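Letter by letter, the chains look like this.
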Amino acid sequence: MHKPSPPLEGPDAFQDQIRIVLVETSHSGNIGAVARAMKNMGLANLWLVNPNSFPDEASYARAAGASDILDRAQVVPTLDKALEDCVLVMGTSARGRKIPWPVVPPPEAAAIAVENSRSGSVALVFGRENHGLSNDELHRCHYHIHIPSNPDYSSLNLAMAVQVMCYELRMLFLRNLEGGEGSPYLRPMTAPGDAGWDVPPAKVGDVEGFFGHLEQTLHDVDFHRRDNPRQLMSRLRRLFQRAKLDQMEINILRGILSSVQKAAGAQGNAKPTKAGTKPTGQEDGHV
Ligand code: SAH
């Protein structure tokens, strides 16, 4: 795959160098939706070639909080005007055309756009809702971008096609931030131990202490019979291991067990196992 250099920061950042060009958009609501899609992904440079109606209420209504992108949008009468100062033009199309042209999928297209944005403005061109870009317009492009949609229903809504490209640009930007693939924005945070989790993961000794306490409590309330253990403790172990408990969760669970023991009047014979001690009942040999 094309390997991009890290994007620039500051006023010359690729986000400003890459312009989204919409050609003769019929529904102004779509222009607003495009502005929103762009702002969500950190892009701001919108060019409108001879829009049917702009600015108007529908475009601002659909832009939601992205009206600043609409305020800054450049409205020009021809595609030539939108492209004349660009160093690279990439046109999007839902279908193949008569003369095959260099076609790139969205992630590679984003990489090419970012790379070229270091030397000047790059245009990503999107067509009309009803019949896309003309062949003449597509022949003005260095590359075509095809979003690999369902071949039986390949045409995305204009703003959604823009969203896909802006998303790819954003992913590239995040990957190139300090930390690369390990960037905090790209890392999942699903369990203790992941960056961002609020409590440290429980240590094995603490979890074993909890299992011992659990087994003792189940015994105290006559749920678990050591002479007929079946696979109870193994199954409970599997359940709790799957949850990847954190230290506070262990404390809560042990507090609950202590209360259960107390309520069951079992304090006398039930000696809660301290965290970190070996669980009782392992001698059953069923774990
Ligand atoms: N009916 C038109 C498609 C219009 S959709 C046609 O057949 O060409 C409006 C615009 O969204 C397209 O011009 C293109 O810029 C973009 N778009 C929609 N689906 C796309 C896809 N699968 N790949 C790339 N761009 C797409």
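- If you check an unreviewed UniProt entry, the chain appears there as tRNA (cytidine/uridine-2'-O-)-methyltransferase TrmJ from Marinobacter antarcticus.
- Listed in UniProt under the heading Sequence similarities (unreviewed entry), the comment for the chain reads: "Belongs to the class IV-like SAM-binding methyltransferase superfamily. RNA methyltransferase TrmH family."
- For the record of the chain, the UniProt heading Subcellular location (unreviewed entry) holds the text "Cytoplasm".

## What about the site of the ligand?
Phase 1 of the analysis: Around the ligand lies a shell of 19 residues, among which T92, G127, G132, I147 and A161 are the nearest.
Phase 2 of the analysis: Among the residues forming the shell around the ligand, the class breakdown is eight nonpolar, nine polar and two charged.

## Observations concerning the sheet that holds strand β6 (residues 121-126)
Phase 1 of the analysis: The strand order across the open sheet built from seven strands is β3-β2-β1-β6-β4-β7-β5, with neighbouring strands paired in parallel fashion. Unpaired on one side and paired on the other, β3 (74-76) and β5 (103-104) mark the two borders of the sheet.
Phase 2 of the analysis: Across five bridges, strand β4 (residues 86-92) lies against β6 in parallel orientation. Opposite M90, over in β6, you have L124 as the bridge partner.
Phase 3 of the analysis: Contacts between helix α8 (residues 158-176) and the sheet are confined to β1 (18-23), β4, β6 and β7 (143-145), with β6 contributing the most and set at about 150° to the helix.

## As for helix α10 (residues 232-243)
Phase 1 of the analysis: An ideal rise of 1.5 Å per residue puts 16 Å on 12 residues; α10 measures up with 17 Å between its terminal C-alpha atoms.
Phase 2 of the analysis: Little of α10 sits out of view: just one of its 12 residues are buried.
Phase 3 of the analysis: Taken from the residues just after α10, K244 is the one with a positive phi, measuring 45°.

## Brief notes about the nonpolar core
Phase 1 of the analysis: Of all hydrophobic cores here, the largest spans 51 residues; its most connected members are I20, V21, V34 and V162.
Phase 2 of the analysis: Looking at this core, the element that brings in the most residues is α8, giving eight residues.
Phase 3 of the analysis: Excluding residues that lie within four positions of it along the chain, V162 makes contacts with I20, V34, A37, M38 and F126.
Phase 4 of the analysis: Residues F210, L214, L245 and I250 belong to the second largest nonpolar core, which totals eight residues.

## Brief notes about the packing of helix α2 (residues 28-40) against α8
Phase 1 of the analysis: At a closest axis distance of 8 Å, the pairing of α2 and α8 adopts a crossing angle of 15°. Taken together, the axes of α2 and α8 are roughly parallel relative to one another. In the packing of α2 onto α8, the handedness of the crossing is right-handed. Contact residues: α2 offers N30, A33, V34, A37 and M38, while α8 offers L158, A159, V162, Q163 and C166.
Phase 2 of the analysis: Looking at the contact of α2 with α8 residue by residue, the class counts come to eight nonpolar, two polar and no charged.

## So, the environment of Q15
Phase 1 of the analysis: Its location among the elements puts Q15 in helix α1 (residues 14-17).
Phase 2 of the analysis: Here Q15 falls in the buried class, since 22 other C-beta atoms lie within 10 Å of it.
Phase 3 of the analysis: Dropping the residues within four chain positions of it, Q15 is found in contact with G42, L43 and A44.

## Description of the packing of helix α9 (residues 204-220) against helix α11 (residues 247-263)
Phase 1 of the analysis: Taken N-terminus to C-terminus, the directions of α9 and α11 make an angle of 20°; their axes are 10 Å apart at the nearest point. Considering the angle they form, α9 stands roughly parallel to α11. Crossing angle aside, the handedness with which α9 passes α11 is left-handed. Residue-level contacts link D206, V207, F210, H213, L214, T217 and D220 of α9 to Q247, I250, L253, R254, L257, V260 and Q261 of α11.
Phase 2 of the analysis: A breakdown of the residues in the contact of α9 with α11 according to their chemical character gives seven nonpolar, four polar and three charged.

## Looking at unusual backbone geometry
Phase 1 of the analysis: Residue P55 is bonded to the preceding F54 through a cis peptide linkage, with omega at -5°.
Phase 2 of the analysis: Its location among the elements puts P55 in the loop between β2 (46-49) and α3 (57-63).
Phase 3 of the analysis: In this structure, A64 takes a positive phi of about 50° despite not being glycine.
Phase 4 of the analysis: A64 gets classed as partly exposed once you count the C-beta atoms within 10 Å, which come to 13.
Phase 5 of the analysis: Positive phi, normally seen in glycine, also occurs at D222, with a value near 65°.
Phase 6 of the analysis: Mapped onto the fold, D222 is located in the loop between α9 and α10.
Phase 7 of the analysis: Given 9 C-beta atoms within 10 Å, D222 falls into the exposed group.

Here is what the cut-offs are and how they apply
- Residues numbered from 1 in each chain as written.
- Predicted model: local features only at pLDDT ≥ 70, side-chain atom pairs only at ≥ 80, totals over all residues.
- UniProt positions renumbered as here; feature names shortened; annotations may be inferred.
- Near = placed C-beta within 6 Å.
- Nonpolar A, V, L, I, M, F, W, Y, C, P; charged D, E, K, R; others polar.
- Pairing = 2+ DSSP bridges.
- Helix = DSSP H or I, 4+ residues; strand = E, 2+ residues; numbered from the N terminus.
- Contact = placed C-beta atoms within 7 Å.
- Axes fitted to C-alpha atoms, helices over the stretch in contact; angles between N-to-C directions.
- Expected span 1.5 Å × (residues − 1).
- Buried ≥ 20, exposed ≤ 12 C-beta atoms within 10 Å, placed from the backbone.
- Core = buried A, V, L, I, M, F, W, Y, C linked by C-beta atoms within 7 Å.
- Parallel < 35°, antiparallel > 145°, perpendicular 65-115°, else oblique.
- Left-handed = near helix turned anticlockwise from the far one by under 90°.

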